[in-house]
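Here's the letter readout for the chains.
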Amino acid sequence: MKKILYKSKAIQMIILITAGCLLLSLWPLRIVHETVTTSIPSGTGTMTGVVNDDVTVLQSFVAQYDHMDTIRLYVGEDTVGESFYVRLLNEGQIMIAEEEIMIDQSKLPGYVEVLIDVDMEVGKMYHCIVQGNDSEVFLGCESISMADMPYAGPLYYDNDQIEGMNLVADYNYGMPLRKSKVLLYGILIVAIAAILVWAVGFFYRKRGSDKLITAERAFKFVANPVVAVFTVFCLGAVLMGACGNYVLDNTFFFISVLFLSAILFYGINHNRDGQTPVLTWEYIRTHVQDLLQSVCFAGAISGCCEYMAGLYDIHHAMAERKEMLWFALAVIAMFSMKEIFNLYNLVYLIVAGIGGYFYYQNAVLQLAEKTIKETEIDWHLQVIRHTVMIAILLGLIVIRTLIGLVKKKLAKPDFAYAGLLLLFFAAIILFRNGRWWTVVMAVSFTLFYLNYGMWEHRGRLLANICRGVILQFLLATGWALLHRPYTTYRTARYPHIFHTVTITATYLTMVECAAMVMLLSKLRKSRKLRDYWKELTLFGVVSSYMLFTMARTGFLAVGITLIFAIVIMAAGTGREKIRNMGRSIGLMTLAVVVCLPVTFTVQRTIPALVSDPYMYEFEDFRDPTLRGRKLNSVEFMRVGRFIDLFADRVLGIPEGTFDFYGEIAEYKRTHGISEEEETGALTLQEEVEIPGVLATQEFVASADYTPEELEMPEEDEDDYTNGRIDIFRSYIEQLNMTGHEEMGALLKDGSIATHAHNIYLQVAYDHGIPVALLFVLVGILSFVKAWIYFGKKKDIITYAALPAVVIASVGAAGMVEWVFHLSHPCGLLLMLVLAPLVFKEEKG
């Protein structure tokens, strides 16, 4: 930021950067869209018979593009009444959109526009149904030729097909700019940028003088006006009711915009004197391995997240392989260039490639002989491909490991701790009871620890892990901002990228570990806000998402971990340490107070504006919030609803106490929500009558419902543990010395538990009591060693506190949740941070 350059060059760079962003928006991001219309035009003025509550019109049509914005229907002048309904059904005859259209007599005859805003499958048949609502509607229709309009389908009036006729309508599709327009606009942007760059150069040459400025000044010159305009626009939108008319909400949103602007302005304008840039070309050149390993760790954690979000076994199989593929690449990132590019690796890759090809072909033939759902075939093929790639990478890792051991490159291990860890690995393999993930964990992490011990930059591992965790969180949150709406009732306890808040809370516990270690590490070294404002903001955002889950188990784990981290990481001794602890607590509290409203408002707003929601299979509900960018809809999360639900779930204050605007009662009334449905136990049935067909749509009516393999116990308002005590008791009663094949114990009511909601009981149940005792011993010794490690390395190794903090966090979360598994984010992170504890000496 302190780089000196000529003012003309700075202006030219700004022009080129702006042009580059515009080009990226055209391709590959394809943000700019156009509307493409296919029409059945009006010609003769023919009308259908009357459409009322009992008599409907159904028009079928074939989707031409993959997203429909609107349909325009021609309504006749004889139409009477206040409104009518338009519904859109997909090929499976499931309703995907419904709109009530108000009748304006002054605009009849004429077109009415129906909001659709749904994705479609090109070439599939869809059905548009029109029905009266205490009204009589007449719609335009025309005779058409199927040869001229192959996308037109049959027209039904009162269940009878009208041959050769179609409704007069415009089908408006939204799609990214087509190639010809992308090319045209791209050339135009490049030409304008070139002219402007030339003009700037010509102006300053004519002028004869060109001042020197810093890159920081140029950045401020551009960024400050952009943020100022953004702030004014957002404040104006709030005041004009763009987000609704509730005083409480608009006050909260107004404050949120001010807080966000304050953060942005500070980030732009704070004093950078004496600060080194975060990323420089020199740093990138000398830390390529570290950056690649951070990306690989992020990829492995993403695989874990996909595993936890998977609904079927094939999803889990694919997620496991994605995780292990990225994990293998993270191990290879510790190799030197000579250890990757050499003759014996080349020979091995040729042989392994041939073997992998034949294995793949044979596996595909075997797959063809099995009975598999058509929708899962591609998944199975991906599983086979990933398996082959993992096997090939495993061979590379084994070759390098053996060569390194022969050449005695391995650092001196702590034999007592390493031996105990190997004993635990052997135990979970010997008593695996049919589980293969324990074998994969033991083999994978044995290789990881050995290669780590041969790496010359071992001191960088913890920083790479932290970066990987935060990178994955930022990418996941970016996806959630685009595709996971924050709604008033359905997702009031916000699940982020997952389908249950329990999984979300355990995932965020892992992210909180990285965020708090990064922040507290900065606070140990500096008291200047400019040095830690980014880490402080990150902690505030992560904590805000944790609060959105309203998961008491997550709060417990994070609370215990936070207290521990503050105590051990606060600088100084005696009173100075106590003051620093208080200061850390105050700053962290302030971060949450500032970032909570900002995060709330951003998460509520952006998915509504994008209007491209991702719904898990059992989340297939039809909230109006999912279509049409209705930012002012009361069905997007409201501040009063958040306060009310948080008070109920966390503080035990009955729900409805803070229902300031009667949102709950109104939502239940408009959506037919019963008291039984609130528990998540009821699945609604909606029937849509189509000529000759009765289509039944099922959708889950609770945001807190989980699929069978991850189902939570039913909540008892008087039981703060949500039934865990009874589950614990059942598991304890059924423990033995060798373990069980199934991970679910038989409960008192005769049902089978999904898991123990406790890692210690789960290990004991899965592998036997002796293995569980060994697991506890490994945990205790790891915690002690991690604490000692931090004491010795806190001034040498970046984020040296991470192992101790993660172990404390998993230990606390494990008391109330199942978090120890190779494909659980917490389990993966735990095994990663044990690496420095296996060896006695560290290099910086």
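The residue count restarts for each chain, going from 1 along the sequence in the order it is written. This being a predicted model, a pLDDT of at least 70 is required before a residue's local features are given, and a value of 80 or more before pairs of side-chain atoms are given or counted; all residues contribute to the totals for chains, interfaces and linings. To get the side-chain values, all heavy atoms of the structure are used, and hydrogens and water are removed first.

Description of the overall build of the chain
So, step 1. Here a helix means four or more residues in a row that DSSP labels H or I, a strand means two or more in a row labelled E, and each is numbered from the N terminus. Per the secondary structure count, the chain includes 26 helices and 16 strands.
So, step 2. Each principal axis of the C-alpha distribution contributes one length, and for the chain these read about 90 × 90 × 65 Å.
So, step 3. Considering the chain as a whole, with its 844 residues, one finds that 52% of them fall into the buried category.
So, step 4. The long-range fraction of contacts in the chain, counting pairs at least 24 apart against all pairs at least 6 apart in sequence, stands at 78%.
So, step 5. When charges are tallied, Lys and Arg are placed among the positive residues and Asp and Glu among the negative ones, while His and the ends of the chain are skipped. Where a charge sits is defined by one atom per residue type, namely NZ (Lys), CZ (Arg), CG (Asp) or CD (Glu). Averaging the coordinates of the 70 positive side-chain charges in the chain and doing the same for the 86 negative ones gives two points 22 Å apart. The buried label applies to any residue whose accessible area, calculated with a 1.4 Å probe on protein chains only, is under 20% of its type's maximum; exposed applies above 50%, and partly exposed to all values in between. Pairs of residues are marked as contacts when any of their non-hydrogen atoms sit within 4.5 Å.

Regarding the sheet that holds strand S4 (residues 67–75)
So, step 1. A pair of strands counts as paired when DSSP detects no fewer than two bridges linking them. Taken together, four strands build an open sheet; the order of strands is S2-S13-S4-S7 and the sheet is antiparallel. If you trace the sheet from one side to the other, it starts and ends with strand S2 (33–40) and strand S7 (110–119), each paired once. Averaged over all neighbouring strand pairs, the angle between strand axes comes to 20 degrees, with direction disregarded.
So, step 2. With five bridges joining them, S4 and strand S13 (residues 169–176) adopt antiparallel strand pairing. Paired with Met68 across the bridge in S13 is Tyr173. For every element, the axis is a line fit to its C-alpha atoms; helices are fit only across the contacting stretch, and the angle between N-to-C directions ranges from 0 to 180 degrees.

A short note on the pairing of S2
So, step 1. Only one face of S2 is buried: it carries Glu34, Val36, Thr38 and Ile40, and the other face, with His33, Thr35, Thr37 and Ser39, is open.
So, step 2. Across eight bridges, S2 lies against S13 in antiparallel orientation. Bridge pairing in S13 links Ser39 to Asp170.

A closer look at the environment of Tyr74
So, step 1. Topologically, Tyr74 is positioned in strand S4.
So, step 2. Spatially, the C-alpha atom of Tyr74 lies 75 Å from that of Tyr789, the residues being 715 residues apart in sequence.
So, step 3. Other than its neighbours up to four places away in sequence, Tyr74 contacts Met47, Pro109, Gly110, Tyr111, Phe138, Leu139, Gly140 and Val168.

Here we look at unusual backbone geometry
Both trends apply: most residues other than glycine have a negative phi, and most peptide bonds are in trans.
So, step 1. Residue Pro28 is reached from Trp27 by a cis peptide bond, and omega for that bond is 10 degrees.
So, step 2. Structurally, Pro28 is set in the loop between helix H1 (7–26) and S2.
So, step 3. We note that Gln93 has phi near 65 degrees; this positive angle belongs to a residue other than glycine.
So, step 4. Tracing the backbone through its elements, the reader meets Gln93 in the loop between strand S5 (83–89) and strand S6 (95–102).
So, step 5. Although it is not a glycine, Ser611 sits at a positive phi angle of roughly 55 degrees.
So, step 6. Tracing the backbone through its elements, the reader meets Ser611 in the loop between helix H17 (574–610) and helix H18 (639–649).

A closer look at the packing of aromatic side chains
So, step 1. Classification of ring pairs rests on two measures: the distance between centres of Phe, Tyr or Trp rings, Trp counted by its six-membered ring, which must be within 6.5 Å, and the angle between planes, read as stacked under 30 degrees, edge-to-face over 60 and tilted in between. If you walk through the whole model with that rule in mind, you get 43 aromatic pairs.
So, step 2. A centroid spacing of 6.0 Å and a plane angle of 65 degrees characterise the contact between Phe448 and Tyr449, whose relative ring orientation is edge-to-face.
So, step 3. Between the aromatic rings of Tyr494 and Tyr545, the centroid separation amounts to 6.3 Å while the plane-to-plane angle is 35 degrees, which identifies the pairing as tilted. With a gap of 51 residues between them, Tyr494 in the loop between helix H13 (461–483) and helix H14 (501–525) and Tyr545 in helix H15 (residues 529–549) connect regions that are remote in the sequence.
So, step 4. On the accessibility criterion, Tyr494 (1% relative accessible area) is buried.
So, step 5. Three or more aromatic residues link up through ring pairs in this structure, and these residues are Phe252, Phe253, Phe473, Tyr486, Tyr494, Tyr545, Phe548, Phe555, Phe600, Phe642 and Phe646.

Examining the nonpolar core
So, step 1. The biggest cluster of nonpolar side chains holds 147 residues, and the ones touching the most others in it are Phe445, Phe448, Tyr449, Ile465 and Phe820.
So, step 2. Excluding residues that lie within four positions of it along the chain, Ile465 makes contacts with Phe297, Leu802, Leu829, Leu832 and Val833.
So, step 3. Side-chain atoms within 4.5 Å are what join buried Ala, Val, Leu, Ile, Met, Phe, Trp, Tyr and Cys residues into a set we call a nonpolar core. With 38 residues, the next largest nonpolar core counts Val62, Val86, Ile101 and Tyr173 among its residues.

So, the pairing of S13
So, step 1. Across the eight residues of S13, eight count as buried, placing the element largely inside the fold.
So, step 2. Side chains of S13 alternate between two faces, with Ala169, Tyr171, Tyr173 and Met175 and Asp170, Asn172, Gly174 and Pro176 buried alike.

Details of the sheet that holds strand S11 (residues 160–162)
So, step 1. The strand order across the open sheet built from six strands is S6-S5-S8-S3-S10-S11, with neighbouring strands paired in antiparallel fashion. The open sheet has two edge strands, S6 and S11, and neither has a second partner. Pairs of neighbouring strands in the sheet enclose a mean axial angle of 25 degrees, with direction left out of account.
So, step 2. Where strand S10 (residues 152–157) lies against S11, three bridges are found, and the strand directions are antiparallel. Paired with Leu155 across the bridge in S11 is Ile162.

Some words on the packing of H14 against helix H16 (residues 552–569)
For any two helices packed against each other, the geometry is given by the interaxial angle and the distance between the axes.
So, step 1. It is at 10 Å that the axes of H14 and H16 come closest, and there the two elements cross at 20 degrees. Our classification of the angle between H14 and H16 gives roughly parallel. For H14 against H16, the interelement crossing comes out right-handed. The residues of H16 that touch H14, namely those facing Ala505, Thr509, Glu512, Cys513, Met516, Val517, Leu520, Ser521 and Arg524, are Gly554, Ala557, Val558, Thr561, Leu562, Ala565, Ile566, Ile568 and Met569.
So, step 2. Counted by class, the contact of H14 with H16 contains 12 nonpolar, four polar and two charged residues. An angle below 35 degrees is treated as roughly parallel, one above 145 as roughly antiparallel, one from 65 to 115 as roughly perpendicular, and anything else as oblique. It is the rotation of the near helix from the far one that decides the hand of a crossing: anticlockwise by less than a right angle makes it left-handed, clockwise makes it right-handed. The classification used treats Ala, Val, Leu, Ile, Met, Phe, Trp, Tyr, Cys and Pro as nonpolar, Asp, Glu, Lys and Arg as charged, and all other residues, Gly among them, as polar.

Things to note about the packing of H16 against H17
So, step 1. Remark: H16 packs on H17, axes separated minimally by 9 Å, with the N-to-C direction vectors making an angle of 140 degrees. In terms of axis orientation, H16 runs oblique to H17. Seen from above, H16 lies across H17 with right-handed handedness. Contacts from Leu562, Ile566, Val567 and Ile568 in H16 reach Lys577, Met581, Ser584, Ile585 and Met588 in H17.
So, step 2. Partitioning the contact of H16 with H17 into residue classes produces seven nonpolar, one polar and one charged.

A closer look at helix H11 (residues 415–430)
So, step 1. A helix is expected to reach a length of 1.5 Å times the quantity of its residues less one. In this model, H11 (16 residues) spans 22 Å end to end at C-alpha, consistent with the 22 Å of a helix rising 1.5 Å per residue.
So, step 2. For H11, every residue scored as buried is listed here: Tyr417, Ala418, Leu420, Leu421, Phe424, Phe425, Ala427 and Ile428.
So, step 3. Buried positions along H11 lie against helix H12 (437–453), helix H22 (759–767), helix H23 (769–793), helix H25 (825–833) and helix H26 (835–838).

Digging into the side chain of Asp659
So, step 1. Relative to the helices and strands, Asp659 resides in the loop between H18 and helix H19 (663–671).
So, step 2. Salt bridges are identified by distance alone: a Lys or Arg side-chain nitrogen within 4 Å of an Asp or Glu carboxyl oxygen. One buried charged residue, Asp659, forms no salt bridge at all, with the nearest opposite charge on Arg641 at 6.9 Å.
So, step 3. What Asp659 contacts, discounting residues up to four positions off in sequence, is Asp644, Ile664 and Ala665.

Things to note about the pattern of salt bridges
So, step 1. As enumerated under the stated definition, the model contains 26 salt bridges in all.
So, step 2. For Lys630, the salt bridge identified is with Glu99, shortest N-O distance 3.5 Å. Note that Lys630 is positioned in the loop between H17 and H18 and Glu99 in strand S6, a separation of 531 residues in sequence.
So, step 3. Measuring nitrogen to oxygen at the nearest pair gives 3.0 Å for the salt bridge that ties Glu216 to Arg272. With Glu216 in helix H3 (residues 215–239) and Arg272 in the loop between helix H4 (247–269) and helix H5 (281–286), this pair connects stretches of sequence that are 56 residues apart.
So, step 4. Residue classification places Arg272 among the buried positions, given a relative accessible area of 11%.

A closer look at the confidence of the model for the chain
So, step 1. In this model, the chain carries a mean pLDDT of 90, and residues with pLDDT of at least 70 account for 92%.
So, step 2. In the model, residues 676–715 has pLDDT below 50 throughout and makes 104 contacts with residues more than four positions away in sequence or in other chains. Per residue, pLDDT measures the predictor's confidence, with a range of 0 to 100.

Considerations on the state of the cysteines
So, step 1. Pairs of cysteine sulfur atoms within 2.5 Å are identified as disulfides in what follows. Scanning the model with the defined rule gives zero disulfides in all.
So, step 2. Between Cys141, a cysteine without a disulfide, and Cys128, which holds the nearest cysteine sulfur, the sulfur-to-sulfur distance is 14 Å.
So, step 3. Free cysteine: Cys296, not disulfide-bonded; nearest cysteine sulfur from Cys304 at 14 Å.

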